[in-house]
Structure formats: C-alpha cells, structure tokens
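Coordinates in review
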Amino acid sequence: MPKRAARKTQVVLNDLMIRQWPVPERGKVQVPDGTIGGLGLRVSHTGQRSFYLTYMHQGRAQRLTLGPYPELKLAAARLKAARLIEAVNAGQDPRTVPG
C-alpha cells in the first residue's frame, strides 16, 4: 500500500505566531501561509526563521528563499511573494526578477 503524504497545515501567519513558533529539535519545519499561496515560513533547529516561496517553473517544483525574519517583515514578504507569483504567471523565473 502506498504511503500517504503528510498533510500540511496552513495557517494565516501573524508576527506573534512567527516569533513564538516552536523550534524543532532537529531539521526544519515549514509552515505554509494561508494568505498567499506558495508563501511559507521555515524554522530551523537553530531557531533561524526565513520566508520562502514555492512555485512551478518549466514543469518543476521550485523553492526560493525570500529572506530572513525579522529583517524581512511578514507584510513585505507577502508583497514580494505576490510580485514574484505574477512573474511566474507571466512565464518568468522569479530568480531572475530584480529586487
């Protein structure tokens, strides 16, 4: 019988939630944001937090780190993700989009 993929929980992230998200004992945990599809928060076992964007480009799933938290605020990460998603929808690779 094939294994079922773990179901990812989507939450609407907020600043307090990001600061208080528990640090995993090892590895990383990814928390998808329920506001912008593809945007998420990654928390490493060292306590580092960063925003990422997952997207499809040329038929392949890609992940792009947007920046570390708190240097990149949640509102700025959402704006950046929305802009990059527009680029993906226009057929561009967001890794080549300036800014």
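Heads up: these notes are all about the structure in this document. Just so you know, these numbers come straight off a predicted model, no measurement behind them. Every chain is numbered on its own, with residues counted from 1 as its sequence reads. Selection of residues for local features in this predicted model requires a pLDDT of at least 70, selection of side-chain atom pairs for listing and counting requires 80 or more, and totals for whole chains, interfaces and linings are taken over all residues. Excluded from the side-chain calculation are hydrogens and water; included are all heavy atoms of the structure.

Each regular strand displays side chains that alternate between the two surfaces of the sheet. Note on pairing: two strands pair once DSSP finds at least 2 bridges between them. Comment: elements are numbered from the N terminus, with helices defined as DSSP H or I runs of at least four residues and strands as E runs of at least two. Sheet topology note: the strand β1 (residues 28-32)/strand β2 (residues 39-44) ladder contains 5 bridges and is antiparallel. Of the residues in β2, the one forming a bridge with Val 29 is Val 43. Between the end of β1 and the start of β2, which pair antiparallel, lie 6 residues, with Gly 38 showing a positive phi angle near 100°.

Moving on, we get to the pattern of salt bridges. Opposite charge on two side chains makes pairing possible when the charged atoms of those side chains draw close. For this analysis, a salt bridge means a side-chain nitrogen from Lys or Arg found within 4 Å of a carboxyl oxygen belonging to Asp or Glu. Counted according to the given criterion, the structure contains 3 salt bridges. With its nearest N and O atoms 2.4 Å apart, the salt bridge here joins Arg 19 to Asp 15. In this pair, Arg 19 and Asp 15 both sit in helix α1 (residues 15-20), 4 residues apart, roughly one turn of the helix. Only protein chains enter the calculation, and the probe is 1.4 Å; a residue is then buried if its accessible area is under 20% of its type maximum, exposed if over 50%, and partly exposed in between. Accessibility expressed as a relative area gives 48% for Arg 19, which makes it partly exposed. Judged by relative accessible area, which is 33%, Asp 15 ranks as partly exposed.

Attention shifts here to the environment of Arg 42. In this fold, Arg 42 is placed in strand β2. Put simply, Arg 42 and Val 31 are 11 residues apart on the chain and 6.3 Å apart in space, counted from C-alpha to C-alpha. In what follows, a contact means two residues having at least one pair of non-hydrogen atoms within 4.5 Å. Not counting chain neighbours up to four residues away, the residues in contact with Arg 42 comprise Lys 28, Val 29, Gln 30, Gln 48, Arg 49, Ser 50, Tyr 52, Arg 63 and Thr 65. At 2.8 Å, the side chain of Arg 42 forms a polar contact with the side chain of Thr 65. Pairs of N or O atoms within 3.5 Å make up the polar contacts considered here, provided that, within protein, one atom can donate a hydrogen while the other can accept it, and that residues adjacent in sequence are counted only when both atoms are side-chain atoms.

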